[in-house]
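As a plain string of letters, each chain reads:
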Amino acid sequence: SLFPLTCRELGADFDLHAALRFGSLPPVIGQTESYCLRFLKAYTQTYLKEEILQEALVRNVPAFSRFHELAADQSGSLVNYSNFAAETGVASKTIREYYQMLEDTLVAFAALPYTRSARKRLTTHPIYHLFDLGVCNALCGRIYSPPVRGTAAFGRLFEQFVVLELKRLLAYREKDWPIHYWRTSHGAEVDIVLDSGREIWAVEIKSGAVIRPSELRGLRAFREDHPDARLLCVGDFGRPFKLGDVECLPWREFLEEAGALTP
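Just so we're clear, the structure is a prediction, and the values are computed from it rather than from any experiment.

### Concerning the state of the cysteines
A disulfide bridge is the covalent bond that connects two cysteines by way of their sulfur atoms.
Thinking step 1. Under the defined criterion, the tally for this structure stands at zero disulfides.
Thinking step 2. Here Cys-233 stays free of any disulfide, with the sulfur of Cys-248 as its closest cysteine sulfur at 4.5 Å.
Thinking step 3. Cys-233 gets classed as buried once you look at its relative accessible area, which sits at 0%.

### Quick word on the packing of aromatic side chains
Thinking step 1. Applying the stated criterion across every chain, the model contains 19 aromatic pairs.
Thinking step 2. For the ring pair Phe-161 and Trp-251, a centre distance of 5.0 Å and an interplane angle of 85 degrees mean the geometry is edge-to-face. With Phe-161 in helix α8 (residues 152-172) and Trp-251 in helix α10 (residues 251-260), this pair connects stretches of sequence that are 90 residues apart.
Thinking step 3. According to the relative accessible area criterion, Trp-251 is buried, its value standing at 4%.
Thinking step 4. Site record: aromatic cluster; members linked through ring pairs are Phe-64, Phe-67, Tyr-81, Phe-84, Tyr-98, Tyr-99 and Tyr-128.
Thinking step 5. Above the ring of Phe-109, the side-chain terminus of Lys-167 is found at 4.6 Å from the ring centroid.

### A look at the side chain of Ser-77
Thinking step 1. Looking at the secondary structure, you find Ser-77 in the loop between α4 (61-73) and α5 (81-88).
Thinking step 2. The exposure class assigned to Ser-77 is buried, which follows from its relative accessible area of 18%.
Thinking step 3. For Ser-77, the residues in contact, after removing those within four places along its chain, are Pro-126, Ile-127, Tyr-128 and Arg-156.

### Some words on the sheet that holds strand β7 (residues 241-243)
Thinking step 1. Taken in spatial order, the eight strands make up an open sheet running β2-β1-β3-β4-β5-β6-β8-β7, and their pairing is mixed. Lying at the two open borders of the sheet, with one neighbouring strand each, are β2 (127-130) and β7. Neighbour-to-neighbour, the strand axes of the sheet open up by a mean angle of 35 degrees, direction not taken into account.

### Describing the nonpolar core
Thinking step 1. With 36 residues, the main nonpolar core has Leu-40, Phe-64, Phe-67, Ile-95, Tyr-98, Tyr-99 and Leu-102 as its most contacted residues.
Thinking step 2. Every element with two or more residues in this core is listed here: α3 (33-54), α4, α5, α6 (92-104), β2 and α7 (133-140).
Thinking step 3. With near-sequence residues (within four places) excluded, Phe-64 lies in contact with Leu-48, Ile-52, Val-58, Tyr-98, Met-101 and Leu-102.
Thinking step 4. Grouped together as the second largest cluster of nonpolar side chains are 33 residues, Phe-14, Leu-169, Leu-170 and Leu-232 included.

Conventions and cut-offs
- Residues numbered from 1 in each chain as written.
- Predicted model: local features only at pLDDT ≥ 70, side-chain atom pairs only at ≥ 80, totals over all residues.
- Heavy atoms only, no water.
- Disulfide = S-S within 2.5 Å.
- Buried < 20%, exposed > 50% of the residue type's maximum accessible area, 1.4 Å probe, protein only.
- Phe/Tyr/Trp six-rings, centres within 6.5 Å; stacked < 30°, edge-to-face > 60°.
- Helix = DSSP H or I, 4+ residues; strand = E, 2+ residues; numbered from the N terminus.
- Lys NZ or Arg CZ within 6 Å of the ring centre and 35° of its normal.
- Contact = heavy atoms within 4.5 Å.
- Pairing = 2+ DSSP bridges.
- Axes fitted to C-alpha atoms, helices over the stretch in contact; angles between N-to-C directions.
- Core = buried A, V, L, I, M, F, W, Y, C linked by side-chain atoms within 4.5 Å.

This is the structure we're talking about:
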């Protein structure tokens, strides 16, 4: 797999706000806003035209286009096939096939639930992540407004950014560990569960400067079933610190430690 550029590859050229809005495909790095907008619009239109129309991967192109916009808007969120079917006007079976198509063409990957639990009723739907935030934002029309720190939209983009960076890092370091999430039917959730076979990391991703104890309830609920798990809160912090039994790490430090994990 050849991914968009990682923060480590970009080095001093990396800009978090630019990455959250325009992604990190090589042609957008260091370019003007107008160029990035034009390029990403052309990129997404070319994909739809050449990959979908010319290769005849789908028959109902308008329906797939609507699905593509919704899939981009819901990237990083729990997928409900029935709701998608209602909004696109196609059968839920077809929605599953569309998502499989995104996986087959390397446009998206699925994060599956971590289900090693005997005591809680867990959510079983996948969460799909599109491969690049710039492409994702262009598809759903979100690219025209810069993300504002402190908003829910910024938080969602930051969470996806960390997941995508982790995905790329694990692939390049040839660590075949799937990225899971964990969520119960009662609303307790953890953004990332990473199981190396030797360690289990439960990771909550927060973009805010202040972390409230209530935001870490999902991690502590996870530990009830997995008492040896390492609990982590990852954010755009200036330094690492602890909140009780939860380690709070700057996102760069988290990625470095994840890359050093051994099976």
